[in-house]
Amino acid sequence: MNSSINASKIILDNQDNKIVSQQEAEQAVKTLIQYIGEDPEREGLIETPKRVIKSFNEFYAGYSQDPETLLSKTFEDVEGYDDIVLLKNINFESHCEHHMVPIIGRASIGYYPNKRVVGISKLARVLDVFAKRLQTQETMTAQILNCIDKALFPKGTAVFINAEHHCMSTRGVLKNDVTMTTSQFSGCFLEDINLQDRFLKMVT
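Residues numbered from 1 in each chain as written. Predicted model: local features only at pLDDT ≥ 70, side-chain atom pairs only at ≥ 80, totals over all residues. Heavy atoms only, no water.

Caption draft 1: Seen up close, the packing of aromatic side chains. Applying the stated criterion to the full structure yields four aromatic pairs. With a centroid separation of 6.0 Å and an interplanar angle of 90°, the aromatic rings of F185 and F199 are classed as edge-to-face. Here F185 is found in strand β7 (residues 180–187), whereas its partner F199 is found in helix α9 (residues 193–203), with 14 residues between them in sequence. Considered together, F185 and F199 belong to a single accessibility category, that of buried residues. An aromatic cluster is defined as three or more aromatic residues linked by ring pairs; in this entry it consists of F56, F59 and Y60. (Phe/Tyr/Trp six-rings, centres within 6.5 Å; stacked < 30°, edge-to-face > 60°. Helix = DSSP H or I, 4+ residues; strand = E, 2+ residues; numbered from the N terminus. Buried < 20%, exposed > 50% of the residue type's maximum accessible area, 1.4 Å probe, protein only.)

Caption draft 2: Layout of the state of the cysteines. Scanning all chains against the criterion turns up zero disulfides. You can see C96 has no disulfide; the closest cysteine sulfur is in C167, sitting 4.1 Å from it. Note on C96: relative accessible area 4%, which makes it buried. (Disulfide = S-S within 2.5 Å.)

Caption draft 3: Quick look at the sheet that holds β7. Taken in spatial order, the five strands make up an open sheet running β5-β2-β3-β6-β7, and their pairing is mixed. At either margin of the open sheet sits one strand with a lone partner, and together these are β5 (134–135) and β7. Bridge count between strand β3 (residues 102–112) and strand β6 (residues 156–165): 10 bridges; the pairing is antiparallel. Opposite Y112, over in β6, you have G156 as the bridge partner. Contacting β2 (85–96), β3, β5, β6 and β7, helix α6 (residues 137–152) runs over the sheet at an angle of about 155° to β6. (Pairing = 2+ DSSP bridges. Contact = heavy atoms within 4.5 Å. Axes fitted to C-alpha atoms, helices over the stretch in contact; angles between N-to-C directions.)

Caption draft 4: Just the nonpolar core, in detail. Counting residues in hydrophobic clusters, the biggest one holds 30 residues, and the most contacted among them are L71, F92 and I144. Elements with a contribution of two residues or more to this core: β2, β3, β4 (117–118), α5 (120–131), α6 and β6. With seven residues, the top contributor of residues to this core is α6. Ignoring any residue separated from it by four or fewer positions in sequence, one finds L71 in contact with V118, K122, L123, V126, C147, I148, A151 and L152. Ranked by size, the runner-up nonpolar core spans 10 residues in total, among them F185, F189, F199 and V203. (Core = buried A, V, L, I, M, F, W, Y, C linked by side-chain atoms within 4.5 Å.)

Caption draft 5: Highlighting α5. Between its terminal C-alpha atoms α5 stretches 17 Å, which fits the 16 Å expected from 12 residues at 1.5 Å a residue. Those residues of α5 hidden inside the fold are in contact with α4 (67–70), β2, β3, β4, β5 and α6. (Expected span 1.5 Å × (residues − 1).)

Caption draft 6: Geometry of the side chain of T141. Along the chain, T141 falls in helix α6. By relative accessible area, T141 is classed as buried at 2%. A polar contact of 2.7 Å, which involves the side chain of T141, links it to the side chain of T182. Excluding its chain neighbours within four sequence positions, the residues that come into contact with T141 are V159, I161, T182, S183 and Q184. (Polar contact = N/O pair within 3.5 Å; in protein donor to acceptor, adjacent residues only side chain to side chain.)

Caption draft 7: Spotlight on the environment of D82. Looking at the secondary structure, you find D82 in the loop between β1 (74–75) and β2. As a C-alpha pair, D82 and P113 span 31 residues in sequence and 6.9 Å in three-dimensional space. Not counting residues within four places of it along the chain, the set of residues in contact with D82 comprises Y112 and K155.

Caption draft 8: Geometry of the pattern of salt bridges. Enumeration according to the criterion identifies five salt bridges in this entry. K150 is paired through a salt bridge with E68; the nearest N and O atoms lie 3.5 Å apart. On the criterion of sequence distance, the pair formed by K150 in helix α6 and E68 in helix α4 is long-range, its members being 82 residues apart. E68 sits in the partly exposed class, given a relative accessible area of 29%. Linking D83 and R198 is a salt bridge whose minimum nitrogen-to-oxygen distance equals 2.9 Å. A residue pair is termed long-range when its members are at least 10 positions apart, and D83 in the loop between β1 and β2 and R198 in helix α9 qualify at 115 residues. (Salt bridge = Lys/Arg side-chain N within 4 Å of Asp/Glu carboxyl O.)

Here is the structure:
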């Protein structure tokens, strides 16, 4: 089991009895402010620890959500529709698990229905659940695909993600305007190269 799933389970199991209190988390932020050479008691920084923890609750909200429940309501009345369902260019913001800096990009999620479909907004919500965790892009790509396969049992699933990693553009090698692309396929998309190519032409 990967670290993201482990962390998710810890938070879900400890919603009423969190391992780290908000006060302890705010104190940790104060320590980091001191570490960089600032005074956490300075007027402009007094409320910063509280604001940082509030932003963390937004950035990492995905740990307290179960993505499969978002796909639990499906519709079978599709008048015989039998082709790719695609949600293209969904914006997302995540954070790199190595440096905790932003990963900002777009994802395209497609699946080939097996007699039932799901509301398209749910695909975007599944993306958000996984994005709002500490991530690598490769892991997130696989997690989205596996979640859809497990919840919808489609004939196949395809995920394509293109994103900029600030761990590369704002620190380290300092390379701007560079994006990383990942894709993963299952079922008919994996078995039929023509269908896979068709999906890629639709999203690129």
